[in-house]
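# Structural overview
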Amino acid sequence: MFTRVVRLDDEWDVPELVAVRLLERIIDLQARQHIVHLCLTGGDAANHLYERFAALAAGAEVDASRLQLWWGDERFLPSTDPERNSLQAITRLARTVSISSADTHMMAAKDGRKDSHEAAAEYATELGDTTFDITLLGLGADGHIGSIFPRHPSFDPNTTRRVIGVEDSPKAPDERISLTIPMFNRSDEVWFMTTGPTKATAVAGALDGDPDLPASHVHGRRSTWWFLDEAAASGLPPRYVCPF
């Protein structure tokens, strides 16, 4: 297992590079295995990544029928709410990537569910023994990942649960669903994608192993990649430079 940091000049260079690399990596994996499991994230940078991926995938040798899409966390909102991470991702990817609904594993919406805990239990059942080939993650300025927040009941590195309902979230909306840290760690590769000066302290703390930050506890079983712009990397020592 290794950790690598990739530093790029501009914030929009990060999702651009990750889109290129993700397409290349999926094609590489599909040459060696039948199904590729991807765990997706939300946010502005991720949405830009999905737009670029969709553009690059047109005409590329990626087989959408051999992709399984999962999500690391979700806002517990009605199914048609445009703020849902999964809806934002799929509306971008579906422009060129024809992934069937059976292979698109969205977390349950608020419609017809009692609460986020019921939705989390449904998703845990759907996950079963799934492991991810690649998990994409953002990073909050407070060091949170998914909907796992520091100094909050959601943060339990040793839980035996795979998916949890999150209440009283420090970040709106109040109710969410999230994979747990042990479930994130059931990934061969974890790719953090982080930009902006407000993330610099959290990036430095996570890479230094600060136990109070959820991000410090998430690692790929084979590799962990940090794709950063210079602003997010500004708190790191010079040794964190990796050509890519």
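Cut-off values and rules
- Residues numbered from 1 in each chain as written.
- Predicted model: local features only at pLDDT ≥ 70, side-chain atom pairs only at ≥ 80, totals over all residues.
- Heavy atoms only, no water.
- UniProt positions renumbered as here; feature names shortened; annotations may be inferred.
- Pairing = 2+ DSSP bridges.
- Helix = DSSP H or I, 4+ residues; strand = E, 2+ residues; numbered from the N terminus.
- Axes fitted to C-alpha atoms, helices over the stretch in contact; angles between N-to-C directions.
- Parallel < 35°, antiparallel > 145°, perpendicular 65-115°, else oblique.
- Left-handed = near helix turned anticlockwise from the far one by under 90°.
- Contact = heavy atoms within 4.5 Å.
- Nonpolar A, V, L, I, M, F, W, Y, C, P; charged D, E, K, R; others polar.
- Salt bridge = Lys/Arg side-chain N within 4 Å of Asp/Glu carboxyl O.
- Buried < 20%, exposed > 50% of the residue type's maximum accessible area, 1.4 Å probe, protein only.
- Patch = residues over 30% accessible without salt bridge, like charges linked within 9 Å, V, L, I, M, F, W, Y side chains within 5 Å.
- Areas by Shrake-Rupley, 256 points an atom, 1.4 Å probe, with all protein chains shown as cover.
- Lys, Arg positive; Asp, Glu negative; His and termini not counted.
- Charge placed at Lys NZ, Arg CZ, Asp CG, Glu CD.
- Expected span 1.5 Å × (residues − 1).

- The protein chain appears in an unreviewed UniProt entry as 6-phosphogluconolactonase from Tessaracoccus palaemonis.
- Regarding the protein chain, the UniProt comment filed under Sequence similarities (unreviewed entry) reads as follows: "Belongs to the glucosamine/galactosamine-6-phosphate isomerase family. 6-phosphogluconolactonase subfamily."
- Listed under Pathway (unreviewed entry) in UniProt, the entry text for the protein chain is "Carbohydrate degradation; pentose phosphate pathway; D-ribulose 5-phosphate from D-glucose 6-phosphate (oxidative stage): step 2/3."

## Regarding the sheet that holds strand 9 (residues 223–229)
- In space, the six strands of this open sheet follow the order 1-9-8-5-2-3, with parallel pairing throughout. Strands with a single pairing partner mark the edges of an open sheet, and in this sheet they are strand 1 (2–8) and strand 3 (67–71). Direction aside, the axes of adjacent strands within the sheet are offset by 15 degrees on average.
- One ladder, built from two bridges, connects strand 2 (residues 36–40) with strand 5 (residues 132–137); its direction is parallel. By the bridge assignment, C39 is partnered in strand 5 with T135.

## Overview of the packing of helix 2 (residues 44–57) against helix 3 (residues 85–93)
- Direction vectors running N to C along helix 2 and helix 3 enclose 20 degrees, while the axes themselves pass 8 Å from each other. Relative to helix 3, helix 2 is oriented roughly parallel. The chirality of how helix 2 crosses helix 3 is right-handed. Residues N47, Y50, E51, F53 and A54 of helix 2 form the contact with helix 3, whose own contacting residues are Q88, A89, R92 and L93.
- Residue composition of the contact of helix 2 with helix 3, by class: five nonpolar, two polar and two charged.

## Quick look at the UniProt feature "domain: Glucosamine/galactosamine-6-phosphate isomerase" (unreviewed entry) in the protein chain
- UniProt's feature table lists "domain: Glucosamine/galactosamine-6-phosphate isomerase" (unreviewed entry) at residues 16–226, given in the numbering used throughout.
- The span residues 16–226 shows a helical share of 29% and a strand share of 18%, and its end C-alpha atoms are spaced 14 Å apart.

## Side note on the sheet that holds strand 7 (residues 176–179)
- Across the sheet, three strands lie side by side as 4-7-6; this open sheet has antiparallel pairing. Two strands close off the open sheet at either side, each with one partner strand: strand 4 (73–75) and strand 6 (163–166). Direction aside, the axes of adjacent strands within the sheet are offset by 15 degrees on average.
- Here strand 4 runs beside strand 7; their pairing, made up of three bridges, is antiparallel. Counterpart to R75 in the pairing with strand 7 is R176.
- Helix 4 (residues 116–127) contacts strand 6 and strand 7 of the sheet and is inclined by roughly 165 degrees relative to strand 6.

## Considering the pattern of salt bridges
- The full count for this structure, using the stated rule, is 12 salt bridges.
- One salt bridge in this structure joins R176 and D73, with 3.7 Å as the shortest N-O distance. Taken together, the positions of R176 in strand 7 and D73 in strand 4 put the pair 103 residues apart, joining distant regions of the chain.
- With relative accessibility at 6%, the residue D73 sits in the buried group.
- One salt bridge connects E83 with R75, and the closest N-O pair in it is separated by 3.6 Å.
- Exposure remark for E83: the relative accessible area of 43% places this residue in the partly exposed category.
- If you follow the salt bridges from partner to partner, you end up with R25, D28, R32 and E189 in one network.

## Section: the environment of R186
- Relative to the elements of secondary structure, R186 occurs in the loop between helix 5 (181–184) and strand 8 (187–194).
- A sequence separation of 115 residues divides R186 from W71, and the C-alpha atoms of the two residues are 13 Å apart.
- Here R186 is in contact with G128, D129, T130, T131, F132, R162 and R221, once residues within four sequence places are set aside.

## Thoughts on a negative patch on the surface
- Residues D9, D10, E11 and D13 make up a contiguous surface patch of negative charge.
- Examined against the element boundaries, D9 turns out to sit in the loop between strand 1 and helix 1 (13–30).

## Thoughts on helix 1
- The first and last C-alpha atoms of helix 1 sit 26 Å apart over 18 residues, in line with the 26 Å expected at 1.5 Å per residue.
- All of the buried residues in helix 1 are V14, P15, V18, A19, L22, L23, R25, I26, L29 and Q30.

## Notes on helix 3
- For helix 3, the buried fraction is high: seven of the nine residues fall into the buried class.
- Inspection of helix 3 places N85, S86, Q88, A89, I90, R92 and L93 among the buried residues, and these make up the whole buried set.
- The inward-facing, buried residues of helix 3 contact strand 2, helix 2, strand 3 and strand 4.

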